[in-house]
Amino acid sequence: TSEIHPNVKRVIYTEKEIKERVSELGRQISQDYKDSKNLVLVGILKGSFVFMSDLVRSIHLPNTNVSLEFMSISSYGAETSSSGVIRIMMDLRTSIEGKDVLIIEDIVDSGLTLKHLMELLNHRNPNSLHTAVLLRKKEGLKVDVPVRYMGFDIPMVFIIGYGLDFAENYRELPYLGELKEECYKK
Ligand code: PRP
Ligand code: MG
Ligand code: MN
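Source: prediction; values computed, not measured.

About the cut-offs
- Residues numbered from 1 in each chain as written.
- Chains lettered and ligands numbered in written order.
- Predicted model: local features only at pLDDT ≥ 70, side-chain atom pairs only at ≥ 80, totals over all residues.
- Heavy atoms only, no water.
- Axes fitted to C-alpha atoms, helices over the stretch in contact; angles between N-to-C directions.
- Helix = DSSP H or I, 4+ residues; strand = E, 2+ residues; numbered from the N terminus.
- Parallel < 35°, antiparallel > 145°, perpendicular 65-115°, else oblique.
- Left-handed = near helix turned anticlockwise from the far one by under 90°.
- Contact = heavy atoms within 4.5 Å.
- Nonpolar A, V, L, I, M, F, W, Y, C, P; charged D, E, K, R; others polar.
- Near = heavy atom within 4 Å.
- Polar contact = N/O pair within 3.5 Å; in protein donor to acceptor, adjacent residues only side chain to side chain.
- Salt bridge = Lys/Arg side-chain N within 4 Å of Asp/Glu carboxyl O.
- Buried < 20%, exposed > 50% of the residue type's maximum accessible area, 1.4 Å probe, protein only.

A. Up close: the packing of helix α1 (residues 15-32) against helix α2 (residues 49-56). Closest axis-to-axis distance for the α1/α2 pair is 9 Å, and the angle between their directions is 60°. When the interaxial angle is binned, α1 and α2 end up oblique. Considering only the axes of α1 and α2, their crossing is right-handed. Of the residues in α2, those in contact with Val22, Leu25, Gly26 and Ile29 of α1 are Phe51, Asp54 and Leu55. Here the residues of the contact of α1 with α2 sort into five nonpolar, one polar and one charged.

Given below as structure tokens:
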């Protein structure tokens, strides 16, 4: 793992730093939900899959039914950046009514995806609805969206790895890295 991908300008967070932060989030979640009956962790594909898999293994809730669900959504509209209008490509398989729901996202940029997702899931009457996000681009936010569990605040650079892609590549990198400009600027 000491091999850095040639298209990575610099490593922003190492495997070890991510592991420690994710464990801490897991501890907080375990504390906050210890009295919950049903906790549904909703991973938003594809970006969240690595974060989700590490986070769930840091959650210890022996008295709670913990279940996992996944949603696949896509933003659409005329713009190249997120329009915030979301379309469900794959929905939850079970009802979340009366349950405690935690949305798991890899990154919040404009915040539009998460905002619309929260509105959508709120209509299904969960007992509670919160969010866990690994990365937030603070300067990217266009709307105010509540992030209850946050990994790292990051600058406006192109981040790849640990589930995050550029044109569907680099999701497999175990660390979070900055993509070299020459790889996305023509
Ligand atoms: C990314 C990310 C969030 C969203 C954040 O997903 O995983 O879901 O964009 O952007 P926003 O805050 O500006 O709305 P993407 O659409 O790239 O799909 P992916 O997870 O499959 O890579
Ligand atoms: Mg995503
Ligand atoms: Mn993406």
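B. Structural context of the site of ligand 1. Not every one of the 15 residues close to ligand 1 is listed here, only the nearest: Glu105, Asp106, Ser110, Gly111 and Thr113. The separation between an oxygen atom of ligand 1 and a polar main-chain atom of Gly111 is 2.8 Å. Between ligand 1 and Asp165 there is a distance of 2.9 Å, counted from an oxygen atom to a side-chain nitrogen or oxygen. When contributions to the shell around ligand 1 are tallied by element, the ones reaching two or more residues are β5 (100-108) and α3 (112-122). If one sorts the elements of the shell around ligand 1 by residue count, β5 sits on top with four residues. Classifying every residue of the shell around ligand 1 gives four nonpolar, five polar and six charged.

C. Molecular detail of the pattern of salt bridges. Summed over the entire model, instances satisfying the criterion amount to twelve salt bridges. The partner of Lys9 in a salt bridge is Glu181, with the nearest N and O atoms 3.3 Å apart. One end of the pair, Lys9, is in strand β1 (residues 8-13); the other, Glu181, is in the segment after β9 (176-179), and 172 residues separate them in sequence. Note that Arg136 and Asp153 form a salt bridge whose closest N and O atoms lie 3.0 Å from each other. Here Asp153 lies in strand β7 (residues 149-154) and Arg136 lies in strand β6 (residues 128-137), a separation of 17 residues in the sequence. For Arg136, a relative accessible area of 15% puts it in the buried group. Since its relative accessible area comes to 35%, Asp153 is described here as partly exposed. Each of Lys9, Arg10, Glu178 and Glu181 takes part in one network of salt bridges that share partners.

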